[in-house]
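Here is what each chain is made of, one letter per residue.
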Amino acid sequence: MADDPTASRALPVLPAQIDLPATEHQVLRRWSEQKVFERSLEQSRANPNWVFYEGPPTANGQPGVHHVEARVFKDLFPRFKTMRGYHVDRKAGWDCHGLPVEVAVEKELGLSGKKDIEEFGVAEFNARCREAVLRNVDAFTAMTQRMGYWVNMDEAYRTMDPEYVESVWWALKTIWDKGLLVRDFRISPYCPRCGTTLSDHELAQGYETVVDPSVYVRFPVTSGPLADPERPTSLLVWTTTPWTLVSNTAVAVHPDVTYVVATDGTERVLVAEPLVGKALGEGWEPTGERFEGGEMERWTYQRPFELVEFDAPAHFVVLADYVTVEDGTGLVHQAPAFGADDMAVCRAYGLPLVNPVRGDGTFEPGLDLVGGQFFKTADAALVADLDGRGLLMRNQPYEHSYPHCWRCHTPLLYYAVPSWYIKTTAIKDELLAQNARTNWFPGNVKEGRYGEWLRNNIDWALSRSRYWGTPLPVWTCAEEHHTVVGSLAELGGLAGRDLSALDPHRPYVDDVAFPCPQCGAEARRVPEVIDVWFDSGAMPFAQWGAPHRNKEAFEANFPGQYICEAIDQTRGWFYSMMAVSTLVFGHSSYENVVCLGHILAEDGRKMSKHLGNILEPMEVMERHGADALRWFMAASGSPWTPRRVGHEALEEIVRKVLLTYYNTVSFFTLYAGTNGTWDHSRLADAPAPEDRPLLDRWLLSELNRVVKGVGEALDRFDTAGAGRLLTAFVDDLSNWYVRRSRRRFWAGAQTPEGASAFATLFEALESLTLVMAPLVPFITDHVWAALRRPDAPESVHLASWPRVREDLIDTDLSEQMALTRRLVDLGRAARVDSGVRTRQPLSRVLVGAAGFDRLPEQLRAQIAEELNVQQLDPLSAVGGDLVDYTVKPNFRALGKRFAKRTPLVAQAIGAAPAQALVEQVRSTGWAHVEVEGEQVEVSAEELLVTEQPREGWTVAAEAGETVALDLEITPELQRAGLARELIRLVQDARKSSGLEISDRIDLWWSAEDPVTAQALTEHAATIAGEVLARTFTEGAPEGEAHTVRSAEFGVAIRLRKSAEQEG
RNA sequence: GGGCGUAUAGCUCAGUCGGUUAGAGCGCAUCCCUGAUAAGGAUGAGGCCCCAGGUUCAAGUCCUGGUACGCCCA
């Protein structure tokens, strides 16, 4: 359809029924045919950038609904910001490297462990990994498109691409140049038979219950207050790994635990006070000598074995917070080569790392006692030796669960493996400062989970002894001179040949050697690859291949304004993004970060194949529609907390939100095409908003409040708040505005009352569609295509956020309409109580409510119409003696003024005669009550007055508001009620005989019941008007006619489509 | 073991600045309305606001401790 701004355009009529998933497919086709995403980027190109970074998923498996969650938020805010006048580029990405990929390929190939992989061939293995990681990209792409996530997949970055790897190398070189990339030891679970470290996930698979010796060993104290040769005292140390005693380096105590000397009369040992009984048993008494752990720091002791050399001072007491008094003696033997805690503690004291165990698990051959023995086998000789020298106090078998290799069941070693670290502890303060500048949603993550993590920051263990990853770009010669390489060009320069086409992965990069720039000896690459989190943390520049390529694009898009992932990424991507950029550029790469809770299955458990409770996203979207799923993710419950998703929740969204909205639109288009068509040109002739009926002004007021509120909520990433506003407005619109305005729409757009209603509803639907568009882009665009003005953009996603008309927001009117609706509710409740159906008109209703006297006539008329009563009066008009009052204290108001005396004043109000209080307040605005012998004035606002008529009325009351119905039905009222019944009878007949809404009919009636006959005669004009009858005749027609009979009303009615249809 | 979060009706969830009668939807029951609706409305049953202390005139709401569950880390 051509965009001729001067053309008026008849609106298509949207059918009442809609197949949402099918409609979404139409919309998707239109987006693709009309290149709507591309155009939205194109037309905003001159606008300021709002930079979004896509956290790359590993496409190593099928996408699940949890992927939809983050992707909804990744789509919603870019759409919103685009409508708000920003340019939001959206570059997709894939995380390609890493152990999960390797593990999956190992499984596929039937390989088990690094030896197998190397025999299979690293080149082929990595080729399989590359292929495996792309295998599910299609499934991700299909899901991404189906859910309406607009992101540029064609130019997606991939962490395995050479340009990406080169950017990562550049970053590592930059960090190396700052002196923050260092080689050190890392304690890892290690299988000596397989000669490999194990990942945490492998570790978890291999725990076995074993019986080990557990020994209590004496370490005689050699300095400090207990170092008395006359009265020797020993530290009593407990361990289940006697073989580590060979390299004992220190003994750790907890600084805040009390340690006591105990004796059995012959010797003295030091243990933690709470463990005296458990560790020593019967016959031991404390001597009364007590020390805080903190006092014992640096006391020296005689180490248990003198088998290995120490090149630095060692063997003294150190302090460590991780020491517990649950087991053992509260004094913990430290062997830093065999425990991560031990290493951290010993490091802090500058202690050396001594490791006599070789990679195959045997002690170095030259050692006395244990030389050449397998580490666990050596336990026996070591324990016997301790016993022989009188150092062993106790040896008892100890059953516990110990990690074993999941492949070969060899007991694992925690083992110091050479490893590369980034000294993030050196930039900890800078990271904390960057975090202080970052906006977290929800806010508590900033100082809570994430802030805690930063405050406990440890150095980043960067290297992995694996195959499929970004190779660590460090080349080393025999002299251990390290050369860090920042690009393939640089590598080519060093190697003296063109390497620009080199695959920078293993094994190819491993084949490149060059003369060490420092000594000229051959330098070869270290074998390690790097942690995949560094890959993805480098995406702000690496996605562009910067700084080697696209430097301008990178700089124009750095730092980012917005990232969003689930909560598990606090230690993952959220950290690596902040850390990498802070290391390289000195500041973080993002300003706002949205942190989502996890999606759970309907049973409240994690979705897993194993439990069979998986919801497959494509199936869900084909059943309920992507919009329903998107709405759920954005607006159901709180996105920050874990949520359960299931079909019921989605069905409810479809019914309550999407269909209610859609049906309102359908209603509008139906009447816009009926009774003289409506088109956009009529908007110009409609009365100005301030001249429209109160109902219209109320809707426009609510609309502008919602437009404003939704914009503000989305500005603070509060999708749930936006959703609540929208749900409430859709309900108001459909179930109050349209309901109360139906007659004006029936009347048609060309009537004065219709003109205002059509314009108001159009304006509301137009703005509503715009503000709902980021959340539910499909149905809104479908609606937009039907409703849009001739000069409006083709797609709602090419349109701008609506301007808020503050001048139309009328809070008084909102309150008055709220009162109106509460009174209608009360009236309906009273109707139900009375058993008199709403179709039966009543003569009078009495209302007692604060603010009723100021309620405009138009709103009173709404109440009267809705309740089908002829007259509405204030209860006070009935006269004091017919009405009972109850007066309750309004604590909220009283509390402000009376504070501690509030309960006394409240009590006084309750005790005072209600009628007198009400009379005082009504005449003077104040009432007096007596509190502790003192006169106290209370205002009208401080009292909640409830009025009740005494008798003869049906009453409903709540929170101080009362509605009373006069149930007397006069013969006139009865006939008016009958007329309503007959109208409904005819309408049913029209519907069942298949007439169109606007068809005119001829009608004949015959009544046996004289009252019915009188009603038909008396109300003939009204009935005929309501049912569009051109003729209204007593008797029977000639020829065919549709007939209905009612025994209840004693009437037969015949009708048929009139020959003349107009007028 | 540590950090963080969550706990409100049978279910899914709201509950603002602390205000005394804690709400909505779903489901159930009984009605009503219907010339847009796959709808809508009313009424009813259904609550140890996880537990125990504390602050306060007043606590679902704030504080402390605990329990259960979840996530992350050891």
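Overview of the structure.

Rules used throughout
- Numbering of residues starts from 1 in every chain and runs along the sequence as written.
- Lettering for chains starts from A, numbering for ligands starts from 1, and both go in the order in which the items are written.
- Whole-chain, interface and lining totals are the exception, using all residues; otherwise, since this is a predicted model, local features are given only for residues with pLDDT of at least 70 and side-chain atom pairs are given and counted only at 80 or more.
- Remark: hydrogens and water are excluded; side-chain values derive from all non-hydrogen atoms of the structure.
- To qualify as a helix, a DSSP run of H or I must reach at least 4 residues; to qualify as a strand, a run of E must reach at least 2; elements of each kind are numbered from the N terminus.
- Only protein chains enter the calculation, and the probe is 1.4 Å; a residue is then buried if its accessible area is under 20% of its type maximum, exposed if over 50%, and partly exposed in between.
- Here a residue-residue contact requires only that any non-hydrogen atoms of the pair lie within 4.5 Å.
- To be clear on the numbers: accessible area is Shrake-Rupley with a 1.4 Å probe, and residue cover counts the displayed protein chains and nothing else.
- Pairs of strands are assigned from DSSP output, requiring at least two bridges between the strands.
- Every angle, taken between N-to-C directions, lies between 0 and 180 degrees, and every axis is a line fitted to C-alpha atoms, over only the stretch in contact when it is a helix.
- By convention a nonpolar core is built from buried Ala, Val, Leu, Ile, Met, Phe, Trp, Tyr and Cys residues, the set being connected through side-chain atoms within 4.5 Å.
- For cavity detection a 1 Å grid was placed over the protein atoms alone, and a set of points counts as a cavity when a 1.4 Å probe fits there but cannot get out; an open set counts as a pocket when protein lies on both sides within 12 Å along at least five of seven lines, with lining residues being those that have an atom within 4 Å of a point.
- Grid points are joined across faces, edges and corners, and a volume is the space filled by probe spheres set on the points.
- Residues are grouped as follows: nonpolar covers Ala, Val, Leu, Ile, Met, Phe, Trp, Tyr, Cys and Pro; charged covers Asp, Glu, Lys and Arg; every other residue, Gly included, is treated as polar.
- What makes a patch is a set of residues exposed beyond 30% relative accessible area and free of salt bridges, joined within 9 Å when like-charged and within 5 Å when nonpolar (Val, Leu, Ile, Met, Phe, Trp, Tyr).
- Each reported salt bridge corresponds to a side-chain nitrogen of Lys or Arg within 4 Å of a carboxyl oxygen of Asp or Glu.
- Under this rule, positive means Lys or Arg and negative means Asp or Glu; His and the chain ends count for nothing.
- Where a charge sits is defined by one atom per residue type, namely NZ (Lys), CZ (Arg), CG (Asp) or CD (Glu).
- Centres within 6.5 Å make a pair out of two Phe, Tyr or Trp rings, where for Trp the six-membered ring is used; the pair is then stacked when the planes are under 30 degrees apart, edge-to-face when over 60, and tilted otherwise.
- Just so you know how the angles are binned, under 35 degrees is roughly parallel, over 145 roughly antiparallel, 65 to 115 roughly perpendicular, and the rest oblique.
- Helix crossings fall into two classes, left-handed where the near helix is turned counterclockwise from the far one by less than a right angle and right-handed where it is turned clockwise.

On to the overall build of chain A. Counting its regular elements, chain A contains 35 helices and 38 strands. Along the three orthogonal principal directions, the C-alpha set of chain A runs to about 125 × 85 × 50 Å. The burial tally for chain A puts 55% of its 1063 residues in the buried class. Nonlocal contacts in chain A, meaning residues at least 24 apart in sequence, comprise 76% of its contacts between residues at least 6 apart. Of the accessible surface of chain A, which amounts to about 45,200 Å², a share of 49% is contributed by carbon and sulfur atoms.

This part is about unusual backbone geometry. Here the residue pair A546 and P547 is connected by a cis peptide bond, since its omega of 5 degrees sits within 30 degrees of zero. Within the secondary structure layout, P547 lies in the loop between α18 (539–542) and α19 (551–556). The omega angle of the peptide bond from F558 to P559 is -5 degrees, so this bond is cis rather than trans. Mapped onto the elements, P559 comes out in the loop between α19 and β23 (560–566). Within the chain, H315 stands out as a residue other than glycine whose phi angle is a positive 65 degrees. Structurally, H315 can be placed in the loop between β10 (285–292) and β11 (317–319). A relative accessible area of 10% places H315 in the buried class.

Further remarks concern the sheet that holds strand β12 (residues 332–334). Taken in spatial order, the 3 strands line up as β11-β7-β12 in an open sheet, and their pairing is mixed. Single-partner strands in this sheet number two, and they are β11 and β12. Here the average twist between neighbouring strands, direction ignored, is 40 degrees. As paired strands, strand β7 (residues 250–253) and β12 are joined by 3 bridges and run antiparallel to one another. Directly across from A250, in β12, lies its bridge partner Q334. Helix α11 (residues 340–348) rests against β11 and β12 of the sheet, and its axis sits at about 75 degrees to β12.

Ranked by size, the top nonpolar core spans 151 residues in total, and within it F668, Y737 and L823 carry the most contacts. Per-element tally for this core: the top contributor is helix α23 (residues 647–672), with 12 residues. Excluding anything up to four places from it in sequence, Y737 contacts L695, D696, W698, L699, D732, R744, F745, A757, T760 and L761. By size, the runner-up hydrophobic cluster in this structure holds 60 residues, among which are Y190, F291, L331 and F363.

One pass over the full model with this rule turns up 2 cavities of 30 Å³ or more. Quantified by volume, the second largest cavity comes out at close to 40 Å³. Surrounding the second largest cavity, S40, R79, T82, M83, R90, W150 and H797 form its lining. Looking at which element gives the most residues to the lining of the second largest cavity, the answer is helix α3 (residues 65–83), with 3 residues. Taken together, the residues that form the lining of the second largest cavity break down as 2 nonpolar, 3 polar and 2 charged.

As a further point, take a negative patch on the surface. On the surface, E38, D89, D154 and E155 cluster together into a negatively charged patch. In this structure, E38 sits in helix α2 (residues 36–43).

What follows is about helix α7 (residues 137–146). Those residues of α7 lying buried are V137, F140, T141, M143, T144 and R146. Note on α7: the residue one or two positions beyond its end, G148, has a positive phi of about 80 degrees.

Along the polypeptide, E166 turns up in helix α8 (residues 162–177). Residue classification places E166 among the buried positions, given a relative accessible area of 5%. For the pair E166 and G486, spaced 320 residues apart in sequence, the C-alpha separation works out to 6.7 Å. Leaving out residues up to four positions away in the same chain, E166 has contacts with G486, S487, L488, A489, H548 and R549.

As a further point, take the pattern of salt bridges. Pairing between side chains becomes possible if they bear opposite charge and their charged atoms approach one another. A complete count under the given rule lists 51 salt bridges for this structure. In this structure, R692 and E763 form a salt bridge, with 2.9 Å as the shortest nitrogen-oxygen distance. With a gap of 71 residues between them, R692 in the loop between α23 and α24 (694–715) and E763 in helix α26 (residues 752–772) connect regions that are remote in the sequence. Judged by its relative accessible area of 4%, R692 is buried. D696 serves as the salt-bridge partner of R744, at 2.5 Å between the closest nitrogen and oxygen. Here D696 lies in helix α24 and R744 lies in helix α25 (residues 719–747), a separation of 48 residues in the sequence. This pair shows no difference in class: R744 is buried, exactly as D696 is. Connected through shared salt-bridge partners, E54, R71, K74 and E565 make up one network.

Counted according to the given criterion, the structure contains 44 aromatic pairs. Taking the centre distance of 4.7 Å and the plane angle of 65 degrees together, the rings of W243 and F375 count as edge-to-face. Separated by 132 residues along the polypeptide, W243 in the loop between β6 (233–239) and β7 and F375 in the loop between α11 and α12 (378–388) bring together distant segments of the chain. Judged by relative accessible area, W243 falls into the buried class, the value being 2%. A residue is classified by how much of its surface remains accessible, and F375, at 0% relative accessible area, is buried. When the ring of W678 is compared with that of F758, the centres are 6.4 Å apart and the planes differ by 20 degrees; the resulting orientation is stacked. Pair noted here: W678 is in the loop between α23 and α24 and F758 is in helix α26, with a separation of 80 residues, a long-range link. A residue is classified by how much of its surface remains accessible, and W678, at 2% relative accessible area, is buried.

So, on to the sheet that holds β23. Hydrogen bonding along the main chain pairs the strands of a sheet, whether they run parallel or antiparallel. Judged by pairing direction, the sheet is parallel, and its 3 strands sit side by side in the order β15-β24-β23 without closing on themselves. A strand with exactly one partner marks an edge of an open sheet, and here the two such strands are β15 (439–441) and β23. Averaged over all adjacent pairs, the angle separating strand axes in this sheet is 15 degrees, with direction ignored. Sheet topology note: the β23/strand β24 (residues 590–596) ladder contains 6 bridges and is parallel. The residue of β24 that forms the bridge with A566 is L596.

Orientation of helix α13 (residues 428–436) relative to helix α20 (residues 573–585), taken along the N-to-C sense of each, is 120 degrees, at an axis distance of 10 Å. Between α13 and α20, the angle is such that the two are oblique. Our pair here, α13 against α20, has a crossing hand that is right-handed. Of the residues in α20, those in contact with E430, L431, Q434 and N435 of α13 are Y575, M578, A579 and T582. Taken together, the residues of the contact of α13 with α20 sort by class into 4 nonpolar, 3 polar and 1 charged.

Between α24 and α26, the least distance of the axes is 10 Å, while the angle of their chain directions is 10 degrees. When the axes of α24 and α26 are compared, the pair comes out roughly parallel. Residues D696, L699, L700, L703, V707 and V710 of α24 pack against S756, A757, T760, E763, A764, S767, L768 and V771 of α26. Of the residues assigned to the contact of α24 with α26, the class counts are 9 nonpolar, 3 polar and 2 charged.

The quantities given are spatial measurements derived from coordinates; they are silent on function.
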